[in-house]
Amino acid sequence: MCVFEGFYVPGNMRRPLLLLLGLLLLQQGRCFEFVIDGEWEDEMSDRRDHRERHKRAVLTSEEQEDFEAVRGDDITVKSYKVESRITSRFAHTTVRSSVVNSGSKAQSIGFNVQIPKRAFITNFTMNVNGIIFAGSVKEKTVARNLYAQARARGKAAGIIRANSQDMETFKTEVFVPPGSNIEFELHYQEMMQRKLGSYEHWLHLQPGRLVPQFQVDVYIFEPKGISSVKTVNSLGEQFAHLIKVTTTKDKAHVVFKPNLGQQRKCENCTDSGIDGVLSVIYDVTRDSNAGELQVSEGHFVHFFAPSNLSPLPKNIVFVIDVSGSMWGVKMKQTVEAMHAILEDLTMDDYFSIIDFNHNVRCWSDDLVTGTSLNVKDAKNYIQNIKPNGGTNINEALMKAAQMLVKATSQGLIDPRSVSMVILVSDGDPTVGEIKLSTIQKNVKRVMKEDFSLFSLGIGFDVDYDFLERIATENRGMAQRIYANHDAAEQLRAFYSQVSSPLLRRISILFPEDTVSDVTQNRFDKYFQGSELVVAGKVLPSDSGTLTSFTTAAAVRLDITLETEGDLAALDTELAKQQHSFTGFARQMWAYITVQQLFSERSLAPSAAKKRKITQRIMALAVEHQFVTPLTALLVESDDGTERMLADSPRDPKRGCCAVTFGAGPPPTLPDPVALVYDVPEWVQMTTPSTPHEAGKGPEDWTLPEKINLVDNDPHFIIHLLRGNMDVCFNIDSTPGHILNLVSDSGTGLVVNGLLVGSKQPDKSKLSTYFGAISVYYQPDRVAVTVATDRVDFTDGRSNHSFTWGATADITQDGVRISIVKNSHVSVVVNGNIRVMVLLHRAWKKNPVAVDFLGVYIPNDNQYSPLVHGLIGQFSREPEVSVYGVHEGDDPLKKEATMEVKGNKLQVTRCVFARVKEI
């Protein structure tokens, strides 16, 4: 007779991954006894008993306090090793442990791992006294049928649910005779999410005992480079110096390898002091705002995380639950967080506050600006709230949406601003409309496409799945706030993620017939410090590169950016890396697709649509070996006679994952067909590297046959129409001086150049060059400053910065800026005044030369009669006399004196190859 003891923990938490494998190995034979504790998809009602939810929270807390990675009496844990390989933000983590039953009796030995909520288990294997049990992911029904065949012979599988704040618990248990050797190995994968400017990889370390071979390794490889990496841990100060970090330009290695003595809780203790979380926090190098396009093994991943852009103004309605259940610590910490959040508002932001219990009240019936006076009054209002009564979520959300609609209709809201409702609640609706599906429909009906809803659920009494559904459906996201001592900080941290929207209406597009099976590529908004990720498959092509085009709306700007990715370079580089994850792009595409399909499934309008999505999820999960709520991990012996079922429970009424931060609701994903993405009209598919090689750039204009230019050691070349001749002259000046090239008070245009010097004199002469060119257009208060390292744009209220690392097109009112990657920038004002700035790169090790800029200005620019400046004065050709022509130092270049408006300049007749087009 086989006996298996299990535990019951109600399991309708947010996608808890759970697994309990019971195995009894007896000397006379083997058998498995499994108890399955879980709910089928149709067993969950819209409403759950409050007492059961409360009980669940209490049990979760107790589990946390009693958690051990390896559990058992009188056992020896020979080794416990964790290895994570993070390649291009995708992590593959392996946890291995070797254990011996050192006792004199048979006993149960448990292997428990806490993994991030968004991770998918991909495999689990056990070696029990030489018998290997290997796992494979199958559709849940297939796995259950295979399992049932084993169960008919007295073999079965068991499940236990557990939960923690940011982790989920995987549990196994094996019952073995004395002297048995057991090796456990668990694999899971996840995509790193960028929040507040960095990625964070969590590893929960709680071995529960001293381990002779204890080691943690985290290997990071980022092809574009790693800008920063650090570790944070809750293990204790005594372990901080044992965590070693080594970095190179594109790799990092974090190792934590305490010996037995270093693991002890105290000098003479026999208990392990390792009990906490090790976090690796890092960010990557970005050389442009256009993003990073990586291609590997027939798949691509596009990362988009621009910075140096001015935030869009915000319109926020805070909707705060003040029902009786919020009394005490919850309300105190909500008030504390709201004080800090209100302080963050600016004069460009509009806001109001709605608090609700069984009634709904407004601090202000209309949105008001974020002035210090309004903020002070709002703080006082919140401070005096006394929680009591029921919960009328429906009416509160209706009122919030109506407030935003009213402000829009009155023209109060800037069309480019971001409007959002932030809901904070700790319970289910108890007053007014209480049917969750009806509330969901009502919210969807009143929330305009320009509005977003963010839901914060405090504690475990709230129906988090419902909050997440209404947020996902309305272009937002949800987050659970854990009701403990740092709840206020959790609220503030969430708000920090959404407090600086930089872009709206983002689309990441690809040329026709180059990609297929693309994940969500249109997003409602992008928040500073986050990242948008698009993945897909690359179609066969003769081209060696893949190109993407990103369009977005910033503050008063429309932006188009171009990015290229080499089809073979990354795979070549990955093959050289010892600790990289070579299949990252393929797995990341599948990971994102499955996540988005689950979100879409939770919002499916019909049973037929839901079934269709379910089939796609199961097919992908089986192909890529992801344990999801729709698949199971079947663990069986080599000969297939012994089977165990590892079942991930369903996620009640929803998918397994939150929406991508910064994104709107994922669009309906079509069947796998080639997707067509049109290239913007302005884009040319080739990028010239030098002016003389260049074809038409994104600005699509051709320099006329006759131009005025400044290049090299301020080397002015002026074409004189009347004399049909070109003359050259230099301006002797020093580094740091600013030369006025064009100044036209009639049109409001000013073009200046800042001089920089060479690194050292050449033949006793220090050459000067243009290191920055500024174009200022007074009517729109627009200033464009082109330097050798970046292009800055400002309109007096907002500032934006771009690099030379990507082709881009930026328009605002009458000004258009076009950047061709590492080549040139053109500025067009009102379609009739054009300035082009060319980038000249010098060899970094050159002892003299520096990077510098050249300026090209057409003769046909339409200035007013008031124009002047070193180049502007020649636009309406003045009386110019050239005399004293004589042989110069160069026999091919005669020299003379030129007199213009009473000023005499020494000039040289120019002989040069004219630039026809740029």
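Above this text sits the structure in question.
For the structure given in this document, a descriptive report is provided here. None of these values were measured; they are calculated from a predicted model.

1. As for the overall build of the protein chain
Along its length, the protein chain carries 13 helices and 51 strands. For the protein chain, buried positions account for 59% of its 918 residues. Sequence-distant contacts in the protein chain: of pairs separated by 6 or more residues, those separated by 24 or more amount to 71%. For the protein chain, the exposed area adds up to about 36,900 Å²; of that, 49% sits on carbon and sulfur atoms.

2. Brief notes about the pattern of salt bridges
Proximity of charged atoms lets side chains of opposite charge pair with each other. Counted by the stated rule, this structure contains 31 salt bridges. The residue Lys 406 makes a salt bridge to Asp 366 at a minimum N-O spacing of 2.7 Å. A residue pair is termed long-range when its members are at least 10 positions apart, and Lys 406 in helix α7 (residues 393-409) and Asp 366 in the loop between β22 (360-362) and β23 (368-369) qualify at 40 residues. Exposure remark for Lys 406: the relative accessible area of 34% places this residue in the partly exposed category. Within the structure, one salt-bridge network assembled from shared partners comprises Arg 89, Arg 194, Glu 222, Asp 283, Arg 286, Glu 292 and Glu 531.

3. Overview of the pairing of strand β19 (residues 299-304)
Among the six residues in β19, six count as buried, and that is most of the element. Pairing of strand β18 (residues 292-296) with β19, which is carried by five bridges, proceeds in the antiparallel orientation. Residue pairing across strands places Glu 292 opposite Phe 303, the latter belonging to β19. Where β18 folds back onto β19 in an antiparallel hairpin, the turn is made up of two residues, including Glu 297, whose phi is positive at roughly 50 degrees. Bridge count for β19 against strand β30 (residues 532-538) is six bridges, and the pairing is antiparallel. Its bridge partner lying in β30, Val 301 is registered against Ala 535.

4. A few points about the packing of aromatic side chains
One pass over the full model with this rule turns up 18 aromatic pairs. Both rings, one in Phe 111 and one in Phe 124, keep their centres 6.4 Å apart while their planes meet at 20 degrees; by these two values the pair is stacked. On the criterion of sequence distance, the pair formed by Phe 111 in strand β6 (residues 107-116) and Phe 124 in strand β7 (residues 120-128) is long-range, its members being 13 residues apart. With relative accessibility at 0%, the residue Phe 124 sits in the buried group. Among the aromatic residues, those joined into a ring-pair cluster are Phe 90, Phe 120, Phe 581, Tyr 591 and Phe 626. Lying over the aromatic face of Phe 303, Arg 89 brings its terminal NZ or CZ to 3.8 Å of the ring centre.

5. Observations regarding unusual backbone geometry
Most peptide bonds take the trans configuration, and most residues that are not glycine carry a negative phi. A positive phi is found at Arg 89, a non-glycine position, where the angle reads about 70 degrees. By the element assignment, Arg 89 lies in the loop between β4 (75-87) and β5 (90-101).

6. Some thoughts on the pairing of strand β25 (residues 451-458)
For β25, a buried count of eight out of eight residues is recorded, marking the element as mostly surrounded by other parts of the structure. Residues of β25 alternate between two faces, with Phe 451, Leu 453, Ser 455 and Gly 457 on one and Ser 452, Phe 454, Leu 456 and Ile 458 on the opposite face, all of them buried. Alignment of strand β24 (residues 418-425) against β25, held across seven bridges, turns out to be parallel. When the sheet's bridge partners are listed, Ser 425 is paired in β25 with Gly 457. You can see the chain leave β24, run along helix α8 (residues 436-446) and come back into β25, and the turn it takes is right-handed.

Cut-offs used in this document
- Residues numbered from 1 in each chain as written.
- Predicted model: local features only at pLDDT ≥ 70, side-chain atom pairs only at ≥ 80, totals over all residues.
- Heavy atoms only, no water.
- Helix = DSSP H or I, 4+ residues; strand = E, 2+ residues; numbered from the N terminus.
- Buried < 20%, exposed > 50% of the residue type's maximum accessible area, 1.4 Å probe, protein only.
- Contact = heavy atoms within 4.5 Å.
- Areas by Shrake-Rupley, 256 points an atom, 1.4 Å probe, with all protein chains shown as cover.
- Salt bridge = Lys/Arg side-chain N within 4 Å of Asp/Glu carboxyl O.
- Pairing = 2+ DSSP bridges.
- Phe/Tyr/Trp six-rings, centres within 6.5 Å; stacked < 30°, edge-to-face > 60°.
- Lys NZ or Arg CZ within 6 Å of the ring centre and 35° of its normal.
- Right-handed = clockwise from strand over helix to strand, strands pointing away.

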